[in-house]
Amino acid sequence: MDASSILVRIRAVLGITRAELARLAQLSPSTVGRIEKRTLDPTWETLTRVLETTGFHLHGESIRPVCDPFAAAAARIALDRVLHTADAEPPAPVIDERTQIWLDRWERTGWFTTEPMSLGLGTMARAAAIISDHARRDVPRLPIGDGRRWRELALRIDESGTDYAVSDLATAHELPVTSLCVQPKLYVRDPPSVAALLREDVTTPGYGVLMISSEGPELDGATDGYALRFTSIGQAIMDALAGTDHESHRAQAVLPWLLVASH
């Protein structure tokens, strides 16, 4: 796979322009264009920088996302910064070095600035979902109960005093069209312990309520709404983008509405 094919493939997978790729990799748009047109053979250092800053690595004769969870964490922070409402300022998160690297890349690319309505938030979020794809595949998760009764289960978890959060938008209770998924996921610290506490048996994947172990920032910034605890908006959007095709499409459709509603 030559350099031209690599750059073209990266842009196609992420859905970004030459200018955006150039800003990510800190190259000039003309340089990116010349590489793609095969009139310039880049150095290995330049090609490595392109791969690193866009979140890919070489795999045989193809490229693959690096599966970096810090990309999703950075997108979550960026989304929360922009999508909060005036009466729900998000808490300042503790940002580690690897998350900050992605935030810096996306800020220089112009995907989020001080002008929220001109942002490339959708591009940024989709790119982050692709770059971090499968990063949480091995995170403990457990389906329990009846998925159609997820609200009842969430209330029981709440009554038990267990820390949890439903991964969806609280507004979905008033405006069903803003719901990101048919059956929201529930984040808890220890799914097996919660299942034992509620005396719920493990059920078939796809049927039960999916409880996922929170090993990162998933519970940070959770908010109360309609007697339940919900993840931050950014977390819900990133979860949906990394979910089924239906959930990903819903997130992309709802994001513009959220921008208008929050500003």
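First things first, this report covers the structure right here in the doc. Since we're looking at a predicted model, the values are computed, not measured. (Residues numbered from 1 in each chain as written. Predicted model: local features only at pLDDT ≥ 70, side-chain atom pairs only at ≥ 80, totals over all residues. Heavy atoms only, no water.)

What follows is about helix α4 (residues 44-54). Of the positions making up α4, those classed as buried are T46, L47, V50, L51, T53 and T54. Elements in contact with the buried residues of α4: α1 (3-14), α2 (18-25), β1 (56-59), β2 (62-65), α6 (97-109) and α7 (121-131). In the stretch just after α4, G55 is the one whose phi turns positive, near 85 degrees. (Buried < 20%, exposed > 50% of the residue type's maximum accessible area, 1.4 Å probe, protein only. Helix = DSSP H or I, 4+ residues; strand = E, 2+ residues; numbered from the N terminus. Contact = heavy atoms within 4.5 Å.)

Scanning the model with the defined rule gives two aromatic pairs in all. With centroids separated by 5.4 Å and ring planes inclined at 35 degrees, the aromatic side chains of W102 and W106 adopt a geometry described as tilted. With a gap of four residues between them, W102 and W106 both fall in helix α6, about one helical turn apart. W106 gets classed as buried once you look at its relative accessible area, which sits at 1%. (Phe/Tyr/Trp six-rings, centres within 6.5 Å; stacked < 30°, edge-to-face > 60°.)

The residue Q26 is not glycine, and still its phi comes out positive at about 55 degrees. With respect to the secondary-structure elements, Q26 resides in the loop between α2 and α3 (29-36). Under the relative-accessibility criterion, Q26 is labelled exposed at 55%. The phi dihedral of R38 falls on the positive side, at around 65 degrees, and the residue is not glycine. Along the polypeptide, R38 turns up in the loop between α3 and α4.

To continue, consider the pattern of salt bridges. Under the criterion given, the structure shown has twelve salt bridges. Across the salt bridge formed by R18 and E36, the nearest N and O atoms sit 2.8 Å from each other. Separated by 18 residues along the polypeptide, R18 in helix α2 and E36 in helix α3 bring together distant segments of the chain. One continuous salt-bridge network, built from bridges that share partners, spans R11, R18 and E36. (Salt bridge = Lys/Arg side-chain N within 4 Å of Asp/Glu carboxyl O.)

Turning to the packing of α1 against α4, a few remarks are in order. Viewed as axis vectors pointing N to C, α1 and α4 meet at an angle of 15 degrees, and their least axial separation amounts to 11 Å. Classified by the angle their axes make, α1 and α4 are roughly parallel. Between α1 and α4 lies a crossing of left-handed hand. Across from A3, I6, L7, I10 and L14 in α1, the residues of α4 making contact are L47, V50, L51 and T54. When its residues are assigned to classes, the contact of α1 with α4 shows eight nonpolar, one polar and no charged. (Axes fitted to C-alpha atoms, helices over the stretch in contact; angles between N-to-C directions. Parallel < 35°, antiparallel > 145°, perpendicular 65-115°, else oblique. Left-handed = near helix turned anticlockwise from the far one by under 90°. Nonpolar A, V, L, I, M, F, W, Y, C, P; charged D, E, K, R; others polar.)

Okay, the pairing of β2 next. Pairing analysis gives four bridges linking β1 to β2, with the strands arranged antiparallel. Residue H59 lies in a different strand from β2, and its bridge partner there is S62. Between β1 and β2, which pair antiparallel and follow one another directly, the connecting turn spans two residues, one of which, G60, has a positive phi of 65 degrees. (Pairing = 2+ DSSP bridges.)

Attention shifts here to the nonpolar core. Counting 50 residues, the largest nonpolar core has L79, W106, L121 and M124 as the members making the most contacts within it. If sequence neighbours within four positions are ignored, W106 has contacts with L24, A71, A74, A75, W111, F112, M124, A128 and I131. (Core = buried A, V, L, I, M, F, W, Y, C linked by side-chain atoms within 4.5 Å.)

The contact between helix α5 (residues 69-83) and helix α10 (residues 233-241) brings their axes to 7 Å, and the two run at 130 degrees. With respect to α10, the axis of α5 lies oblique. For the pair α5 and α10, the crossing hand works out as right-handed. Here α5 contributes A72, A75, R76, L79, D80 and L83 to the contact with α10, which in turn contributes I233, G234, Q235, I237 and M238. Within the contact of α5 with α10, the residues separate by chemical class into seven nonpolar, two polar and two charged.

Together, L175, V177 and W257 make up an exposed nonpolar region whose accessible area comes to about 290 Å². Here L175 lies in the loop between β4 (164-167) and β5 (185-188). (Patch = residues over 30% accessible without salt bridge, like charges linked within 9 Å, V, L, I, M, F, W, Y side chains within 5 Å. Areas by Shrake-Rupley, 256 points an atom, 1.4 Å probe, with all protein chains shown as cover.)

Here we come to the environment of W111. Relative to the assigned elements, W111 resides in the loop between α6 and α7. For W111, a relative accessible area of 2% puts it in the buried group. It is 22 Å that separates the C-alpha atoms of W111 and T48, two residues lying 63 residues apart in sequence.

Structurally, the position occupied by S132 is in the loop between α7 and β3 (141-144). Of note is the side chain of S132, whose polar atom sits 2.7 Å from the backbone oxygen of A128. (Polar contact = N/O pair within 3.5 Å; in protein donor to acceptor, adjacent residues only side chain to side chain.)

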